[in-house]
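Secondary and tertiary structure notes
Residue strings, one per chain:
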Amino acid sequence: MGEEKKKQKRVLDPNSAAYKLNQIIINHYKEVQEAKDRGEKIAWCSSNFPQEIFQTLGIKVCYPENQAAAIAARGAGERLCSESEGDGYSNDICAYARISLAYMKLKDAPEQNMPQPDLLLCCNNICNCMIKWYENIAKELNIPLIMIDIPFNPDYEVSDTQVDYVKGQFLAAIKQLEEITGKKWDDEKFKKVMETSSRTSRAWLEATGYTKYKPSPLNGFDLLNHMAVAVCARGTVEAAEAFETLVQEYKKAVKDGTSTFRGEEQHRIMFEGIACWPHLRATFNGLKSRGINMVATIYADAFGFIYNDLDSLIRAYCNVPNAINLEHARDKRIAIAKNTGAEGLLVHTNRSCKLWSGFMYEMSRQIGEECNIPVTSFDGDQADPRNFSEAQYNTRVQALTEIMEVNKEGK
């Protein structure tokens, strides 16, 4: 009887944002599989590849990063990482890559299955590990790889030269995809996709911005769950409507004084880095048990792309957090921390993400000084559970809590 009541409580209102967002993810995998079954060519795609290209062409894609995060969150990260390591891949490379390379070989993971690719779409504005990861898959499966190279930007603005360089690749990718799939480009549809994608992004960024309220109307970890839709469905009306529903729910929560953060919000922090998916419950409970809400993270905002035309679209993809210099990346984070009133910074030193973690020591020091907040870090991994210690995590969070309490008493 008790279990039956729990099941009933978990039933979501079909009009709620949570239900709509969940259905988008379910339909996303379903539609890709249906396209594959119809004999259409489907792609595996890196998360910050310009989705407007394949959305306009009507090509179905799925995201190995999303799949790897889901597999890790459901407890199978170590199994697939070990499979890749047994094939000779070093455990020093990204755990998302190891999981993906293992899945390419096994072709089955009940935690999150998706069809095998006929082609690959890769963009290295995330990291250069993506290149070798996708090159290996292309070689092993003997399928085409379409690559868009976005250089690291040492300046604050994206130059016209960089826009021209990336635009040439953008147009070349369209031509390649037309040849591979037999589908034809439509400029009018492209304009509509851009409008929808910007609409989705505006709603998503407005939703993430509601953490500025005190107390926040949302538990910040909600953003980590919802962002999968921002990755895989930005160009769809369904995603735009779901995020607009989310905004309305947060707006009502502010008015009613309610929140999805259960408990008293005693402290507000910025969380830096990719979520520790295999230990999401432990990382969340370590904060919640101390009355800490995560109200700031650049990770969620990284998938909101606002633009008006092709040139500004390209500038947006050149401005993702991992493709910009330390000072620009720092200033973006400082703005988020100040806007949300973060009282501390908790940094995930992610073994998988060398680029992100490598410059965080200096960046977090500068953020802490500029915002006058304490900073601490913990060791972990986005998908390999072996690189995390719950005891260490709780010790670091406890130390951060004590400093924030002292600071509050001083004020």
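As a reminder, the structure under discussion sits directly above these lines.
Since the model is a prediction, treat every value here as computed from it, not as a measurement.

**Observations regarding the packing of aromatic side chains**
What characterises a pair of aromatic rings is the spacing of the ring centres plus the angle enclosed by the ring planes. Under the defined criterion, the tally for this structure stands at 16 aromatic pairs. Look at Phe170 and Phe190: their rings are 6.1 Å apart centre to centre, the planes differ by 55°, and that puts the pair in the tilted class. Here Phe190 lies in helix H9 (residues 187-208) and Phe170 lies in helix H8 (residues 160-181), a separation of 20 residues in the sequence. Of the residues examined, Phe170 reaches a relative accessible area of 1% and is grouped as buried. For Phe190, a relative accessible area of 8% gives the class buried. Aromatic side chains Phe378 and Phe388 sit 6.1 Å apart centroid to centroid with 90° between the ring planes, which places their arrangement in the edge-to-face category. Note that Phe378 is positioned in strand S8 (residues 375-380) and Phe388 in the loop between S8 and helix H18 (390-410), a separation of ten residues in sequence. Considered together, Phe378 and Phe388 belong to a single accessibility category, that of buried residues.

**Re the pattern of salt bridges**
Throughout the structure, instances matching the rule amount to 26 salt bridges. The salt bridge partner of Lys191 is Glu188, with a shortest N-O separation of 3.5 Å. Of the two residues, Lys191 and Glu188 are both situated in helix H9; the distance of three residues between them amounts to about one turn of the helix. Among the ionic contacts, a cluster of salt bridges with common partners joins Glu85, Arg98, Asp384 and Arg386.

**Observations concerning the state of the cysteines**
On inspection of all chains with the given rule, the structure shows zero disulfides. Here Cys122 stays unpaired: no disulfide links it, and the sulfur of Cys123, its closest cysteine neighbor, is 7.1 Å away. By relative accessible area, which is 0% here, Cys122 ends up buried. No disulfide involves Cys276; its sulfur sits 12 Å from that of Cys81, the nearest cysteine. The exposure class assigned to Cys276 is buried, which follows from its relative accessible area of 1%.

**Considerations on the side chain of Ser84**
Summarising the element assignment, Ser84 is placed in helix H5 (residues 77-86). Since its relative accessible area comes to 1%, Ser84 is described here as buried. Engagement of the side chain of Ser84 in a polar contact is seen with the backbone oxygen of Arg98, the distance being 2.4 Å. Here Ala102 takes part through its backbone nitrogen, which lies 3.3 Å from a polar atom of the side chain of Ser84.

**Some thoughts on the sheet that holds strand S1 (residues 43-45)**
Strand order in this open sheet of four strands is S2-S1-S3-S4, and the pairing throughout is parallel. Looking along the sheet, the strands with just one partner apiece sit at the ends: strand S2 (61-62) and strand S4 (145-148). Two strands pair when backbone bridges link them, and S1 and strand S3 (residues 119-123) are joined in this way by three bridges, in the parallel orientation. Looking at the pairing, Ala43 lines up with Leu119 of S3. Here H8 sits on the sheet in contact with S3 and S4, set at roughly 165° to S4.

**Examining the nonpolar core**
The biggest cluster of nonpolar side chains holds 136 residues, and the ones touching the most others in it are Tyr96, Leu121 and Trp277. Contact partners of Trp277, with chain neighbours within four places excluded, come to Ala69, Ala72, Ala73, Tyr96, Leu224, Tyr299, Asp381 and Gln382.

**Focus on the sheet that holds S8**
Overall, parallel pairing links the four strands, which are arranged S6-S5-S7-S8 in an open sheet. Looking along the sheet, the strands with just one partner apiece sit at the ends: strand S6 (292-296) and S8. Here the strands of the sheet are splayed against their neighbours by 35° on average, with no regard to which way each runs.

**Things to note about helix H2 (residues 17-37)**
Over its 21 residues, H2 extends 30 Å from the first C-alpha to the last, a length consistent with the 30 Å expected when each residue adds 1.5 Å. For H2, the complete set of buried residues consists of Ala17, Leu21, Ile24, His28, Tyr29, Val32 and Ala35. Down the axis, H2 shows its buried residues gathered within 135° of arc, on one side only. Among the structural elements, S2, helix H4 (64-73), helix H10 (221-232) and helix H11 (237-256) are those in contact with the buried residues of H2. Phi turns positive one or two residues past the end of H2, at Gly39, with a value near 95°.

**Some details on unusual backbone geometry**
For residues besides glycine, phi is generally negative; the peptide bonds are generally trans as well. In the segment running from Lys214 into Pro215, the intervening peptide bond is cis, with an omega of -5°. Locating Pro215 in the fold gives a position in the loop between H9 and H10. One non-glycine residue, Lys107, adopts positive backbone phi at about 65°. Looking at where Lys107 falls in the secondary structure, it is placed in the loop between helix H6 (95-106) and S3. Phi at Asn372 is positive, roughly 55°, even though this residue is not glycine. By the element assignment, Asn372 lies in the loop between helix H17 (360-371) and S8. Residue classification places Asn372 among the exposed positions, given a relative accessible area of 65%.

What counts, and where the lines are drawn
Residues numbered from 1 in each chain as written. Predicted model: local features only at pLDDT ≥ 70, side-chain atom pairs only at ≥ 80, totals over all residues. Heavy atoms only, no water. Phe/Tyr/Trp six-rings, centres within 6.5 Å; stacked < 30°, edge-to-face > 60°. Helix = DSSP H or I, 4+ residues; strand = E, 2+ residues; numbered from the N terminus. Buried < 20%, exposed > 50% of the residue type's maximum accessible area, 1.4 Å probe, protein only. Salt bridge = Lys/Arg side-chain N within 4 Å of Asp/Glu carboxyl O. Disulfide = S-S within 2.5 Å. Polar contact = N/O pair within 3.5 Å; in protein donor to acceptor, adjacent residues only side chain to side chain. Pairing = 2+ DSSP bridges. Contact = heavy atoms within 4.5 Å. Axes fitted to C-alpha atoms, helices over the stretch in contact; angles between N-to-C directions. Core = buried A, V, L, I, M, F, W, Y, C linked by side-chain atoms within 4.5 Å. Expected span 1.5 Å × (residues − 1). Arc of directions from axis to C-beta.

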